[in-house]
Amino acid sequence: MRLLLIEDELKVADVIVRGLRAERFAVDVAHDGITGWQMASTVEYDLIILDLMLPGLSGTEVLKRLQRAGSSAAVLVLTARDSIGDKVTQFEAGADDYLTKPFAYAELIVRIKALLRRPPTSHTYIVRVGDLELDRLTQKVRRAGRRIDLTAKEYALLEYLAANAGRVLTRTMIMEHVWDESFEGLTNIVDVYVRHLRAKVDEAHETKLIRTVRGAGYCLTDEADP
Ligand code: CA
């Protein structure tokens, strides 16, 4: 799951981002409306947490643009305002939920999880590839009925591969989706994590689900020859 937070108050943004990363979400942050809109229109996010009072471009305007662009991201609006009129306006503009500042952090997490679980979205939350099963809500992974314990990043990588089962994903695509923009490091990080995943997911099984596509990237599939 990849989230975008558009929030200009640096301290608030920092607390939210650290909390969300601890919950295993990949989170990008924008501190003004213009940057936020640019990011939201170039990356496919599962959910956008949007402050209303923003420099550059207001949250309401970002919301309208997302609607016009046919964005499938769920939108949770954050605001200091608490009038009924504003709520109506935001929902009409396409917000999926609304949280008034100041809010308890736990409440934010509950709302986010509820939104991510909510149909209709393009995602179903149980993903199966062969005998591999991922539950995107509980983040539990099983293969042939046996539980596999993964770290947060291993899980995020496997979820991305599974959500795109049968498709070849390049290292760049994987980097962009699984490692958020806070990550600057080794370019072979994807290969390192694929090795970890293989040890946990494939090693004990005859059918290897994680395939290397030479010169291209990786593919998760249970087909004999992708
Ligand atoms: Ca603000």
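Residues numbered from 1 in each chain as written. Predicted model: local features only at pLDDT ≥ 70, side-chain atom pairs only at ≥ 80, totals over all residues. Heavy atoms only, no water.

A.B. asks: Run through the side chain of Lys101, naming residues and quoting values.
C.D. replies: Turning to its location among the elements, Lys101 is positioned in the loop between strand 5 (97-100) and helix 5 (105-117). Of note is the side chain of Lys101, whose polar atom sits 3.2 Å from the side chain of Glu9. Residues within four places of Lys101 in sequence aside, it is in contact with Glu7, Glu9, Asp51, Leu78, Thr79 and Ala80. (Helix = DSSP H or I, 4+ residues; strand = E, 2+ residues; numbered from the N terminus. Polar contact = N/O pair within 3.5 Å; in protein donor to acceptor, adjacent residues only side chain to side chain. Contact = heavy atoms within 4.5 Å.)

A.B. asks: Provide a residue-level description of the coordination of the calcium ion, including the pertinent values.
C.D. replies: All of the protein donors around the calcium ion are Asp8 (OD), Asp51 (OD) and Met53 (O); their distances to the metal are 2.1 to 2.3 Å. All donor residues of the calcium ion come from one chain, and their arrangement in sequence is D-x42-D-x1-M. On the criterion of sequence distance, the pair formed by Asp8 in the loop between strand 1 (2-6) and helix 1 (10-22) and Met53 in the loop between strand 3 (47-51) and helix 3 (59-68) is long-range, its members being 45 residues apart. (Donors = N, O, S within 2.8 Å, 3.2 Å for Na, K, Ca; no water.)

A.B. asks: Break down the packing of aromatic side chains for me, citing the residues and quoting the values.
C.D. replies: A complete count under the given rule lists 1 aromatic pair for this structure. Seen in terms of ring centroids, Trp179 and Tyr193 are 5.3 Å apart; in terms of plane orientation they differ by 70°. Their pairing is edge-to-face. With a gap of 14 residues between them, Trp179 in the loop between helix 7 (171-178) and helix 8 (189-201) and Tyr193 in helix 8 connect regions that are remote in the sequence. Comparing Trp179 with Tyr193 shows no difference in burial state: the two are buried. (Phe/Tyr/Trp six-rings, centres within 6.5 Å; stacked < 30°, edge-to-face > 60°. Buried < 20%, exposed > 50% of the residue type's maximum accessible area, 1.4 Å probe, protein only.)

A.B. asks: So what's going on with the sheet that holds strand 1? Which residues, and what values?
C.D. replies: Taken in spatial order, the 5 strands line up as 2-1-3-4-5 in an open sheet, and their pairing is parallel. A strand with exactly one partner marks an edge of an open sheet, and here the two such strands are strand 2 (26-30) and strand 5. Recorded for the sheet is a direction-independent mean angle of 20° between the axes of neighbouring strands. Relative to strand 2, strand 1 runs parallel, the two sharing 5 bridges. By the bridge assignment, Leu3 is partnered in strand 2 with Val27. Each of strand 1, strand 3, strand 4 (74-79) and strand 5 is contacted by helix 5, which is oriented at about 155° to strand 4, the strand it contacts most. (Pairing = 2+ DSSP bridges. Axes fitted to C-alpha atoms, helices over the stretch in contact; angles between N-to-C directions.)

A.B. asks: Provide a residue-level description of the packing of helix 6 (residues 152-163) against helix 7, including the pertinent values.
C.D. replies: Running from N to C, helix 6 and helix 7 cross one another at 125°; their axes reach a closest spacing of 10 Å. Relative to helix 7, helix 6 is oriented oblique. The crossing of helix 6 and helix 7 is right-handed. Contacts between helix 6 and helix 7 pair Lys153, Ala156, Leu157, Tyr160 and Leu161 from the former with Met173, Ile174, His177 and Val178 from the latter. A per-class count over the contact of helix 6 with helix 7 returns 7 nonpolar, 1 polar and 1 charged. (Parallel < 35°, antiparallel > 145°, perpendicular 65-115°, else oblique. Left-handed = near helix turned anticlockwise from the far one by under 90°. Nonpolar A, V, L, I, M, F, W, Y, C, P; charged D, E, K, R; others polar.)

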